[in-house]
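Architecture and fold: a report
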Amino acid sequence: MGFSPLSLSQSLSFIMFLFHFHSTISSSHFCAPDQSLSLLQFKESFSINSSASGRCQHPKTESWKEGTDCCLWDGVSCDMKTGHVTALDLSCSMLYGTLHSNSTLFSLHHLQKLDLSDNDFNNSHISPRFGQFSNLALLNLNSSVFAGQVPSEISHLSKLVSLDLSGNYDPSLEPISLAKLVRNLTELRELDLSRVNMSLVAPNSLTNLSSSLSSLSLWGCGLQGKFPGNIFLLPKLESLDMSYNNRLTGSFPSSNLSNVLSSLDLSNTRISVYLENDLISNLKSLEYMYLRNSNIIRSDLAPLGNLTQLILLDFSSNNFIGEIPSLLGNLVQLRYLKLDSNKFMGQIPDSLGSLLNLRTLSLYGNLFNGTIPSFLFALPSLQYLDLHNNNLIGNISELQHDSLVYLDLSNNHLLGPIPSSIFKQENLEVLILASNSKLTGEISSSICKLRFLRLLDLSNNSLSGSTPLCLGNFSNMLSVLHLGMNNLQGTIPSIFSKNNSLEYLNLNGNELEGKIPPSIISCTLLEVLDLGNNKIEDTFPYFLETLPKLQILVLKSNKLQGFVKGPTTYNSFSKLQIFDISDNNFSESLPTGYFNSLEAMMTLDQNMIYMGAINYSSYVYSIEMIWKGVKTKFMKIQSTIRVLDLSNNNFTGEIPKVIEKLKALQQLNLSHNSLTGHIQSSLGNLTNLESLDLSSNLLTGRIPMQLEGLTFLAILNLSHNQLEGPIPSGEQFNTFNANLFEGNLGLCGFQVLKECYDDEALSLSPSSFNEEDDSTLFGEGFGWKAVTMGYGCGFVFGVATGYVVFRTKKPSWFLRMVEDKWNLNSKKTKKNVGRYGARRN
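Note that the structure is predicted; figures quoted are calculated from it, not measured.

Examining the packing of aromatic side chains
For any pair of aromatic rings, geometry is given as the distance between the ring centres together with the angle between the planes. On inspection of all chains with the given rule, the structure shows 26 aromatic pairs. Ring geometry for Phe232 and Phe252: centres 4.9 Å apart, planes at 70°, overall edge-to-face. With a gap of 20 residues between them, Phe232 in the loop between strand S12 (224–226) and strand S13 (239–241) and Phe252 in the loop between strand S14 (247–249) and strand S15 (263–265) connect regions that are remote in the sequence. Given the relative accessible area of 3%, Phe252 is considered buried. Three or more aromatic residues link up through ring pairs in this structure, and these residues are Phe540, Tyr542, Phe573, Phe579, Phe586, Tyr594 and Phe651. A cation over an aromatic ring shows up here: Lys636 above the ring of Tyr610, its NZ or CZ 5.0 Å from the ring centre.

Encoded structure:
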């Protein structure tokens, strides 16, 4: 079989075509080897960590395999002709590690887009080598844990259209670097430097920003001074966020604004905004308007009814007064309405019922009265409703839809039963109906159908019946369970599921009986356990020692009994800051063993923060306890507080010296027990004490002079003991009233209007010196052994002298010596009459 010249020619042409086609395909789909190697080396320099990405998680580099085409890897884009990597999107890739300046990332010179957002680069400094990407149009380092100064080399990226350095760990931008950035990045359309420290930058240095800007976000940058007005007038500006620059001033213009401005946020600034018709008429395209805690000059909200494109309106924390204008009902596109923390009054207007797209309504912290309008519970899309801290009355209406995720009606004057429809809100995460006082009825067991519930607070009401036993295991997402201050009966839920998220459990102030369930040890995240003021009959729950995060334990005012002998495990209660087992029937000696393990009471906490749920950060813990002798409800609990209250029990024995280790204690209450022995002078080492109550015990001896050094002591109660001798004087002791020392007949001092004489002031007592080191009383190296020897020698000498006296029948030389000495002492005693007591040196 042969081939004609024509067919051969055609075959050769076809072969050449295939070769060319294959070459084209090869060059289109295989990235350059050096690019692949650089990417693989970059990958190896980081680990994959699930905590490194918060917004989303997609470990893209896991698809990067040697020997495969890198242009097909997740997050990688290439030039079809050259095979060079031109775009790298590693957002949310869970990368963890340090990005060094010698990273192979910087060898990808052809990059046009680079997105490293939402990773954890472990406080890496932003490398100057980013400035070498001369073709870069997009650079996004948002929320990736970068720190340090923003390098001036970023200004070399003259082709940048979008730059985002926001949300990092306080990086800073120097004035010179900003000036270069403003001057060179003339193509910028999107600039986000939020949370970049620009406190040294003068706002007017932003004057010459690119006229092409469509989005500018500089929130939380520490800017101070007058903001340049021309920025507001940029013709293509669609989004402007200058919020949380508390010292930023200026004036928002009423005219010549961009007609495409759709989002404006001037919250927490001092930029003046004049709410008037001229301004409103120039904001026809506005969809998002944030003016929380702003400098609003006129407060007439009625013109806002003309902004019919609004999707979000936030005017909270602005001291608005009067009623909400009905014209806001015209904003039919509105999804989010926040008018909380103002002084609005009257009733919630019916016109809001026309906002059928509303998802969030926040009106808390106002002066609204009347009933909650039923139309609010009929809004089909409503997910978030917060009306707490108002003066609302009446019953809670049934909900017509099951869309709610968040409901807070606390601190009003609502009454009646909890509507059953609330327990049918399958997506409900937060339910707070606390402090309405007249909410009655039982807690339906249907509440345990709310599988996504994170926070349940029904405290301070008049709810009755049994506590649903399913509350301990119906939701592994529940962080806060607060049913305190009701009339609930029955027992504590007996089963708490493993791997639960409970951080705060408060059942205080009910009528619960039975025992404390051991399954509480499944709550390994528990920080607060308050079971006080119930009728629980049990012994001390030693199993609670195993809760590793427990900071507050309140078991007061129950029927607990038996011994509190001390720790049974290592590190028992090491994080406990408040330990209150007062008003029970505990007996025998104080729990000395626990005093050795209460590590949190031994060290000061310098963080002045309020304790709250980690899994729901907006909720702060509350607690009720005796503070400085007064029953006090703490709506917030400072992390610095340290309290030990063992009062009103049947503890016996002495106060152990080891208690001096608890140097961070602010309040110590051992009153109303049967404690004996002396007041330990080592209590003077508790220099942070603000309240000390040892009243109604059987304590003897003197009040230690060391207590004079407790300069923070505001409350001291030593009444009804068997103390004697002089009451110490000093700044604090001079302020205490006589009733704090009553019932101690042997005490003297100006506080009790009883004189102290020399023999009272100077006689020795073990409570006035260190029990472990008697040398401090007499000087170095001269202790009780020497004293005993002296007494022995003196006794022998005295007997011998007496024998001589009686045998010689009053020798005249001896009588004269004794009489002279007696007369001298009598004169000294007369001089001291009228004094309350001698001062010790």
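So that's the structure; there's more coming.
Re the confidence of the model for the protein chain
Within the protein chain, residue pLDDT values average 87, and 86% of them lie at 70 or more. Overall, residues 1–28 carries pLDDT values under 50, and its contacts beyond four positions in sequence, including any with other chains, amount to four contacts. Here residues 762–841 scores under 50 on pLDDT; set against residues more than four positions off or in separate chains, the count is 63 contacts.

Description of helix H3 (residues 175–184)
Because an α-helix packs 3.6 residues into every turn, residues spaced three or four apart end up facing the same way. Among all positions in H3, only Ser177, Leu178, Leu181 and Val182 are buried. Burial along H3 is one-sided: seen end-on, the buried residues are contained in an arc of 135°. Residues of H3 that are exposed and angled more than 90 degrees away from the buried face: Ile176 and Arg183. The inward-facing, buried residues of H3 contact strand S9 (162–164).

Overview of the nonpolar core
Of all hydrophobic cores here, the largest spans 197 residues; its most connected members are Phe130, Met289 and Phe315. Contributions of two or more residues to this core are made by helix H2 (33–44), strand S2 (76–78), strand S3 (85–89), H3, helix H4 (277–281) and helix H5 (592–595). With residues near it in sequence (within four places) discarded, Phe130 still touches Leu99, Phe106, Leu114, Leu116, Leu139, Leu141, Ile154 and Leu157. Listed in part, the 23 residues of the second largest apolar core include Val430, Ile432, Val480 and Ala613.

Structural notes on the sheet that holds strand S49 (residues 722–726)
In spatial order, the strands read S47-S49-S50; together these three strands make up an open sheet with parallel pairing. The open sheet has two edge strands, strand S47 (700–701) and strand S50 (746–748), and neither has a second partner. When S47 meets S49, the two strands line up parallel, connected through two bridges. Bridging across to S49, Gly701 finds its partner in Leu723.

A look at the sheet that holds strand S43 (residues 650–654)
The parallel open sheet is built from five strands, whose spatial order is S35-S37-S39-S43-S45. Of all strands in the sheet, those with a lone pairing partner are strand S35 (537–539) and strand S45 (674–676), marking the two edges. Geometrically, the sheet is characterised by an average inter-axis angle of 15° between neighbouring strands, direction not taken into account.

A look at H2
Taking 1.5 Å of rise per residue, twelve residues should cover 16 Å, and H2 covers 17 Å from first to last C-alpha, within 8% of that figure. All of the buried residues along H2 are Gln35, Ser36, Ser38, Leu39, Leu40 and Phe42. The elements touched by buried residues of H2 are S2, S3 and strand S4 (95–96).

Observations concerning the environment of Val480
The residue Val480 is located in strand S32 (residues 480–482) in this model. C-alpha of Val480 to C-alpha of Tyr619: the two residues are 139 residues apart in sequence and 8.7 Å apart in space. Excluding residues that lie within four positions of it along the chain, Val480 makes contacts with Arg454, Leu455, Leu456, Leu502, Tyr504, Ala613 and Tyr619.

Thoughts on the environment of Pro235
With respect to the helices and strands, Pro235 occurs in the loop between S12 and S13. Owing to a relative accessible area of 54%, Pro235 belongs among the exposed residues under this scheme. Once the C-alpha coordinates of Pro235 and Leu213 are considered, the two residues, 22 residues apart in sequence, prove to be 8.4 Å apart.

Remarks on the pattern of salt bridges
Scanning all chains against the criterion turns up seven salt bridges. The shortest N-O distance in the salt bridge between Arg292 and Asp340 comes to 3.5 Å. Taken as a pair, Arg292 in the loop between strand S17 (288–290) and strand S18 (295–296) and Asp340 in the loop between strand S21 (336–338) and strand S22 (343–346) lie far apart in primary sequence, 48 residues in all. Between Lys631 and Glu624 there is a salt bridge, with the nearest N and O atoms lying 3.5 Å from each other. Accessibility expressed as a relative area gives 61% for Lys631, which makes it exposed.

Definitions and cut-offs
Each residue is numbered by its place in its chain's sequence as written, counting from 1. Since the coordinates come from a predicted model, pLDDT governs what is reported: local features require at least 70, and pairs of side-chain atoms require 80 or more to be given and counted, while whole-chain, interface and lining totals use all residues. Heavy atoms from the whole structure form the basis of all side-chain values; hydrogens and water molecules are not counted. Two rings belonging to Phe, Tyr or Trp (six-membered ring only in the last case) form a pair when the distance between their centres is within 6.5 Å. Interplanar angles under 30 degrees mark stacking, angles over 60 mark edge-to-face geometry, and anything in between is tilted. Helical segments are the DSSP runs of H or I of at least four residues, strand segments are the runs of E of at least two, and each set is numbered from the N terminus. Burial status follows relative accessibility: with a 1.4 Å probe on protein chains alone, a residue under 20% of its type maximum counts as buried, one over 50% as exposed, and anything between as partly exposed. Note on geometry: a ring has a charge over it if NZ (lysine) or CZ (arginine) is within 6 Å of the ring centre and within 35 degrees of the ring normal. For every residue, the predictor states its confidence as a pLDDT score lying anywhere from 0 to 100. In what follows, residue pairs with any heavy atoms lying within 4.5 Å of each other are defined as contacts. In this context, the arc is that of the directions from the helix axis out to the C-beta atoms. Remark: nonpolar core denotes a set of buried residues (Ala, Val, Leu, Ile, Met, Phe, Trp, Tyr, Cys) joined through side-chain atoms within 4.5 Å. Two strands make a pair as long as DSSP finds a minimum of two bridges between them. With axes taken as lines fitted to C-alpha atoms, and helix axes fitted only over the stretch in contact, angles between N-to-C directions fall between 0 and 180 degrees. Given the number of residues in a helix, its expected span is that number minus one, multiplied by 1.5 Å. We define a salt bridge as a side-chain nitrogen of Lys or Arg found within 4 Å of a carboxyl oxygen belonging to Asp or Glu.

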